[in-house]
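# Report on the structure
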Amino acid sequence: MNTERVDVAIIGGGLVGASLAVALAPLKLRVMLIESQSPPASQPSWDERCIALNAASQRIVEGLGLWPALSADAEPITSTHISERGRFGVARFTAEEAGLPALGYNVPLRAIGATFASPLLGIEGLQLLAPARLQRLQLGDSEAVLSITGADGEREVRASLVVAADGARSTVRELLGIGAESRDYRQSAIVTAVRPKRAHAGVAYERFLPTGPIALLPKPDDEFGHACSLVWTLPSDLHREVLALDEASFIERAQDAFGERLGVFRSLGKRMAYPLERVMSERLTAPRVLLVGNAAQSLHPVAAQGFNLGLRDVATLAETLAETLAESNGDPGSPELLALYQSRRERDRARVADFTDGLVRLFSNAVPGLRGLRHLGLLMLDLTPPLRQAVLDQNLGYGSAAPKLARRRG
Ligand SMILES: Cc1cc2nc3c(=O)[nH]c(=O)nc-3n(C[C@H](O)[C@H](O)[C@H](O)COP(=O)(O)OP(=O)(O)OC[C@H]3O[C@@H](n4cnc5c(N)ncnc54)[C@H](O)[C@@H]3O)c2cc1C
């Protein structure tokens, strides 16, 4: 059997694996990106969704040199409006108070996928294997041995570092027996696009209902009028019924859930549904292995943080490698690097995961006391400056020590 030697093997060429391949390019390492779907840009995670990139992520994408290509498809979010049905409390955040041109950008996932995929073929030292699948993994002191099957049969690859970017059902985690705490929220998100009568004016709306949140995020206007992407979380049993509605009935239900803030909804895009669960890997590293993106933590989309967190994993890993390669004789999988990566990611990851899960629990609970707490929470968010700043920083991606690539200018 053929044996190849690489410095870094990235398992999974979804958004996070592809962005890592781009981020590692300046380090001139021998990198292999292994993706089970082909071509990577058509793999299932690059679907009809839009992703809200926060300010830190925008800076990371800019630092990777990809923002000029992506910006044409990115609709700025200049304020957020968070409310609860049947209550007056509203929390608003603005780009102006953050001192930024935008709090974030709503971008079609396909545009992100295409932007991240386009430079891959031109990166010196990067080998792209797709379709190819990791089947077995053995760990040694100085390297990991991977068995990979692809169109041309099975091959053995020896790597100093294996990065698991293989999603919530990570093969790497499974092969290594790394446990994960998982929670089925018994909810699904229906994702589509709507055309409201009034322009969104850069506002991202999220409205909490007893059945789950409904969010409307800005999309660019086009010749057919105004547009927003809609993410509607519903209990799993109810989501099937709502998904099966004809277009007019669906619009009516969505309108009832969201209200009239943007006027009547006129038409609808393709609808897709995603079952929602939280999967938190028990560890971020094993000898010669580390986890990034959804393989490390897969979150409920209520706070739109999953990919943003994954991009910070990527930026931190690239930064840590750049700092430590010289000291570790060019070994990208040294125990020191793994320990440093883990220590740099733990806090941010835990905070965002806890914040997201707390939000889901707080707003999906019908206990009367909690209704009052929610109301108080929204009011405090609107009125209490230190709390506002903490939540704002977290949502911008600056809640914990941010990787250098993500730091604000000035
Ligand atoms: C409805 C919804 C809305 C969302 N909105 C937002 C948002 O607004 N903002 C945000 O930041 N995040 C958002 N997210 C989260 C975001 O989509 C994910 O965090 C992100 O896509 C994860 O990317 P990933 O590359 O880590 O994993 P994945 O996209 O799952 O990619 C994993 C890849 O690994 C490959 N793979 C798996 N096993 C193997 C193997 N054995 N060998 C080779 N390849 C393998 C798979 O084919 C796949 O391509 C949302 C999620 C949902 C469900």
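Residues numbered from 1 in each chain as written. Predicted model: local features only at pLDDT ≥ 70, side-chain atom pairs only at ≥ 80, totals over all residues. Heavy atoms only, no water.

### A few points about the side chain of Asp166
Position of Asp166 among the secondary structure elements: in the loop between strand S11 (153-164) and helix H6 (171-176). Look at Asp166: it is buried, it has no salt bridge, and the nearest opposite charge is Arg173 at 6.5 Å. There is a polar contact of 2.8 Å between the side chain of Asp166 and the side chain of Ser170. Within polar-contact distance, the side chain of Asp166 engages the backbone nitrogen of Val172 at 3.0 Å. Setting aside its immediate chain neighbours within four residues, Asp166 contacts Ile11, Gly12, Thr171, Val172 and Ala295. (Helix = DSSP H or I, 4+ residues; strand = E, 2+ residues; numbered from the N terminus. Buried < 20%, exposed > 50% of the residue type's maximum accessible area, 1.4 Å probe, protein only. Lys, Arg positive; Asp, Glu negative; His and termini not counted. Salt bridge = Lys/Arg side-chain N within 4 Å of Asp/Glu carboxyl O. Polar contact = N/O pair within 3.5 Å; in protein donor to acceptor, adjacent residues only side chain to side chain. Contact = heavy atoms within 4.5 Å.)

### Structural notes on the packing of aromatic side chains
Considering all chains together, one arrives at five aromatic pairs under this definition. On the numbers, 5.6 Å between centres and 85° between planes, the contact of Tyr205 with Phe258 is edge-to-face. Placement of the pair is Tyr205 in strand S13 (residues 203-209) and Phe258 in helix H8 (residues 247-258), with a sequence separation of 53 residues. Owing to a relative accessible area of 11%, Tyr205 belongs among the buried residues under this scheme. (Phe/Tyr/Trp six-rings, centres within 6.5 Å; stacked < 30°, edge-to-face > 60°.)

### Examining the sheet that holds strand S3 (residues 50-54)
Strands pair in a sheet through their backbones, by hydrogen bonds, and they do so in one of two ways: parallel or antiparallel. Across the sheet, three strands lie side by side as S3-S7-S4; this open sheet has antiparallel pairing. For this open sheet the edge positions go to S3 and strand S4 (75-77), each flanked by a neighbour on one side alone. Along the sheet, successive strands turn relative to each other by an average axial angle of 30°, direction set aside. Note that S3 and strand S7 (residues 104-108) share five bridges and pair antiparallel. Opposite Cys50, over in S7, you have Pro108 as the bridge partner. Set on the sheet, helix H5 (residues 109-117) makes contact with S3 and S7; between it and S7 the angle comes to about 85°. (Pairing = 2+ DSSP bridges. Axes fitted to C-alpha atoms, helices over the stretch in contact; angles between N-to-C directions.)

### Quick notes on the pattern of salt bridges
With the rule as written, the count across this model stands at 21 salt bridges. Of the charged contacts in the structure, one is a salt bridge between Glu143 and Arg5, with a shortest N-O distance of 3.5 Å. Residue Glu143 is located in the loop between strand S9 (132-139) and strand S10 (144-150), and its partner Arg5 is located in strand S1 (residues 3-11); the two are separated by 138 residues in the primary sequence. On the accessibility criterion, Glu143 (17% relative accessible area) is buried. Taken together, the shared-partner salt bridges connect Arg5, Glu143, Glu156 and Arg158 into one network.

### Looking at the UniProt feature "transmembrane region" (unreviewed entry) in the protein chain
The UniProt feature table records "transmembrane region" (unreviewed entry) at residues 6-27. For residues 6-27, helix accounts for 45% and strand for 27%, while the C-alpha atoms at its two ends are 13 Å apart. (UniProt positions renumbered as here; feature names shortened; annotations may be inferred.)

### Considerations on unusual backbone geometry
For the bond from Ala130 to Pro131, the omega torsion is 0°, close enough to zero to count as cis. Its place among the elements puts Pro131 in the loop between strand S8 (126-129) and S9. Positive phi, close to 55°, is recorded for Lys28, a residue that is not glycine. Locating Lys28 in the fold gives a position in the loop between helix H1 (15-24) and strand S2 (31-34). For Arg186, which is not glycine, the phi torsion reads 55° and is therefore positive. Mapping Arg186 onto the fold places it in strand S12 (residues 180-196). The exposed category is assigned to Arg186, whose relative accessible area is 62%.

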